[in-house]
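What the coordinates show
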Amino acid sequence: MGIARRRPATGATRTAGARRTAGAARAGAATRAGAAARAAGIAAVALAVTAGTVGTAGAVGAAPDGDGDARRPGVNRLEGVWQTDGYGILVEIHGTAFTTYDVTRVSCTPGFYSGTQIGAPGRDGTVRYAQTGKAYASSSVTPRGRDRAVYQEDGAASARDLTRLPGGLPAQCRQPAAQDALASFDRFWATFEENYPFFAAKGIDWRAKGAQARAGITPRTTTDDLQKILVGLLEPLGDAHTALGRKRPGGGYAGVFAGLRPGTAEPTDEVRESSARAVAAQLLAPEQTFGLGQLGVGELPGGIGYLRVSGFSGYVEDGPYQDHAAELDKALDLLLAHPGRLNGVVVDLRLNGGGSDELGLRIASRLTDRPFLAYRKVARNDPADPTRFTRPQPSVVRPATGTTRYTGPVALLTAGSTVSAGETFTQAMAERRPAPVRIGENTQGVFSDIMFKPVSADFVAVLPNEKFLTRSGSTFDGPGIPPNVRTPVFTPEELSQGRDSALTEARRLLSTGAAGAADAPDAADAADTADAADATGAVPADPR
């Protein structure tokens, strides 16, 4: 997410997808440059807690229980306290309101999200919720018997299991949390210790680093001092789905750190502007834009369609996932207005800042005539054992109905600035037949939805806890998905001469029919071991 997911997302998209998808802040101005900036999504963690990257909810509703109770209006089957499978969250449901709490073995503090029921329960007991301050629903919870339920975010590619917590809310959650530097550090450290899945893959001894950092905290440690300590722990992770936000005097949080894989860099505004000119030089006419500039549709010589996707979020100023999906459909309808005339399609993801995984699957559904497995998602769910994960949830691409589809050759353009939901889309499309040819550079290597975890009155931590699995159970977290054909991507040399080698190569391969020989994702693992080796370890089909 994306950041959600659920990846950076805006409005109702991602992250849990939030995926993922999943996200946080609006990606700046509605232009190709601003819309693609991952930093605007992760670093500005505070702006919009609207993408729902932390999945919890609950509400009042009539629902069947496991003993066969009939649906009875007014019966509150969800009243009480629920625990998510993974994610470190408790959900208190009271009346039409839900409140979340973040829990570790050393703390229980108010979470990032709260909300209110919208409308009446559905026939199956499903209840829809709006986040505080929003007039539209963006998530739902469905009862599954007396003591289980399923939480689903709009725009997320998976759901989260809830289990009723006997005894109600723990007493610790009712007590004010200590806010001194040492207590804040301990919550931060424990949050990563119990949720982050990639310490071993990155060669990080989190316990040793935590003990060393903790030894430097005294009663005289200031907020600025603590910030430096926390950032010092995050930097070695080299993870673009980690960040730290600091509360601003006027409300919200300012991003004070955003991780990035070593060897990659954030595209500058100048690079984005120059890259747009380089692409435009190969189009037959100026691209038509949709989704506040996040989407662009054009035509290349030889009957090749061009789709730029600078993000999987921010397609409308504010609105539910359905509004974002409708805007995406407009771009796809133009791109695929006459699919029989297309000799190929280029999907440009090189400046994709992430967002909703589900929007990526929506594009994939317009590019196939047969269903296929996109990926399976798991989340770390044992605070004491980093090898244990939830049961894999499959996401399947199903052909779109009632609209045009294209099933010919596809080329995907990727780069280190292809992030989060841009990567889950790339992973999903590799299972399509014929598989797309990937051209450019490795993607960034972050796939999980992100979680926002307040760790003190001053700081909020951002981190992933999921893996997106290939059919074999491997992942591309860390090094990212490698290209089939490696080319320069928006280098100073290329841009100074107005060249775009990746787009030129895509045109050549599609025009000559060579693009249909691309490999599936598991084959890609073997094809480029150095770049695509499973950096995080395979997860078996049933890790429990």
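Here is what the cut-offs are and how they apply
Residues numbered from 1 in each chain as written. Predicted model: local features only at pLDDT ≥ 70, side-chain atom pairs only at ≥ 80, totals over all residues. Heavy atoms only, no water. Salt bridge = Lys/Arg side-chain N within 4 Å of Asp/Glu carboxyl O. Helix = DSSP H or I, 4+ residues; strand = E, 2+ residues; numbered from the N terminus. Buried < 20%, exposed > 50% of the residue type's maximum accessible area, 1.4 Å probe, protein only. Pairing = 2+ DSSP bridges. Phe/Tyr/Trp six-rings, centres within 6.5 Å; stacked < 30°, edge-to-face > 60°. Axes fitted to C-alpha atoms, helices over the stretch in contact; angles between N-to-C directions.

**Remarks on the pattern of salt bridges**
- With the rule as written, the count across this model stands at 25 salt bridges.
- Put simply, E327 and K330 hold a salt bridge, and the shortest N to O gap is 3.3 Å. With E327 and K330 both in helix α7 (residues 321-335), this residue pair falls 3 residues apart, about one helical turn.
- On the basis of relative accessibility, which here comes to 48%, the residue K330 falls in the partly exposed class.
- Measuring nitrogen to oxygen at the nearest pair gives 3.5 Å for the salt bridge that ties D369 to R370.
- Residue classification places D369 among the partly exposed positions, given a relative accessible area of 43%.

**Re the pairing of strand β7 (residues 148-153)**
- Two strands pair when backbone bridges link them, and strand β6 (residues 139-143) and β7 are joined in this way by 5 bridges, in the antiparallel orientation. By the bridge assignment for β7, P143 is matched with A149.
- The hairpin formed by β6 and β7 contains 4 residues between the paired strands, and G145 there has a positive phi angle of roughly 95 degrees.
- Pairing of β7 with strand β8 (residues 159-164) involves 5 bridges; the strand directions are antiparallel. Across the sheet, the residue bridging to R148 is T163, located in β8.
- A loop of 5 residues connects β7 with β8, the two strands running antiparallel in sequence, and G155 in this loop sits at a positive phi of about 85 degrees.

**Section: the packing of aromatic side chains**
- In total, this model carries 13 aromatic pairs according to the counting rule given.
- Look at F112 and Y113: their rings are 5.8 Å apart centre to centre, the planes differ by 80 degrees, and that puts the pair in the edge-to-face class. Across the pair, exposure class does not vary: F112 and Y113 are buried alike.
- Ring plane angle 55 degrees and centroid distance 4.8 Å describe the contact between Y196 and F199, whose orientation is recorded as tilted.
- Judged by relative accessible area, Y196 falls into the buried class, the value being 0%.

**Observations regarding the sheet that holds strand β21 (residues 466-469)**
- Strand order in the open sheet formed by 3 strands is β16-β15-β21, and the pairing between neighbours is antiparallel. The open sheet has two edge strands, β16 (393-397) and β21, and neither has a second partner. When the angles between neighbouring strand axes are averaged without regard to direction, this sheet yields 25 degrees.
- Pairing between strand β15 (residues 372-379) and β21: 4 bridges, direction antiparallel. Bridge pairing in β21 links A379 to E466.

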